[in-house]
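Listed below are the residues making up each chain.
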Amino acid sequence: MKFICGMQKAVILLISFLVLSNCMFSNKFPDTKGSTVSGIVKDAVSGESLSGVKVQIQGTDLVTFSDRDGNFTFTQIPAGEIKVVFQLVSFQSTEVIIPEAGKSGSDIEVSLVER
């Protein structure tokens, strides 16, 4: 058997650690389904669609913005209960809880109130 020096062992351990950590943490939600959450964001007073609203699934890196018609869509969402946060300058932040996200698609309508 070949003798492996300390530096070679360190490199092998480092590479092994990186490969294993990538496998373990590359998917924060291993039970993610192919479901979607989509909807529309409107002004609570005028009823007009709001574009550029930041829409985020709380506790994740999943973020999108509403389009010019106020529509947004998430795909590959985590299973279970999720909290969706809606933010737009000069409007109050709004949170919506979806209890069974991931089991089937969800379509929501959210109204934001001006500050």
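The structure presented is a predicted model; accordingly, all values stated were derived computationally and were not measured. (Residues numbered from 1 in each chain as written. Predicted model: local features only at pLDDT ≥ 70, side-chain atom pairs only at ≥ 80, totals over all residues. Heavy atoms only, no water.)

## Things to note about the sheet that holds strand β3 (residues 63-65)
Then, number 1: The strand order β3-β2-β5-β6 describes an open sheet built from four strands, whose pairing is antiparallel. What marks the edges here is a single partner per strand, and that holds for β3 and β6 (94-101). Pairwise comparison of adjacent strand axes, ignoring direction, gives a mean angle of 20 degrees for this sheet.
Then, number 2: Bridging between strand β2 (residues 54-57) and strand β5 (residues 80-87) involves four bridges; their strand directions are antiparallel. Bridge pairing in β5 places Gln-56 opposite Val-85. (Pairing = 2+ DSSP bridges. Helix = DSSP H or I, 4+ residues; strand = E, 2+ residues; numbered from the N terminus. Axes fitted to C-alpha atoms, helices over the stretch in contact; angles between N-to-C directions.)

## Some details on unusual backbone geometry
Then, number 1: Phi at Gln-76 is positive, roughly 55 degrees, even though this residue is not glycine.
Then, number 2: Within the secondary structure, Gln-76 sits in the loop between β4 (71-75) and β5.
Then, number 3: In this structure, Ser-90 is a non-glycine residue whose phi angle is positive, near 75 degrees.

## Remarks on the nonpolar core
Then, number 1: Counting residues in hydrophobic clusters, the biggest one holds 19 residues, and the most contacted among them are Val-37, Val-53, Phe-72, Ile-82, Phe-86 and Leu-112.
Then, number 2: Residue assignment for this core shows that the elements contributing at least two residues are β1 (36-43), β2, β4, β5, β6 and β7 (106-112).
Then, number 3: For Leu-112, the residues in contact, after removing those within four places along its chain, are Val-41, Lys-42, Asp-43, Ala-44, Leu-50, Val-53, Phe-86, Leu-88, Phe-91, Gln-92 and Thr-94. (Core = buried A, V, L, I, M, F, W, Y, C linked by side-chain atoms within 4.5 Å. Buried < 20%, exposed > 50% of the residue type's maximum accessible area, 1.4 Å probe, protein only. Contact = heavy atoms within 4.5 Å.)

## What about the sheet that holds β1?
Then, number 1: One open sheet holds the three strands; their spatial order is β4-β1-β7, and the pairing between them is mixed. Among the strands making up the open sheet, the edge pair consists of β4 and β7. Between one strand and the next, the sheet's axes are offset by a mean angle of 20 degrees, whatever the strand orientation.
Then, number 2: Across five bridges, β1 lies against β4 in antiparallel orientation. Residue pairing across strands places Val-37 opposite Phe-74, the latter belonging to β4.

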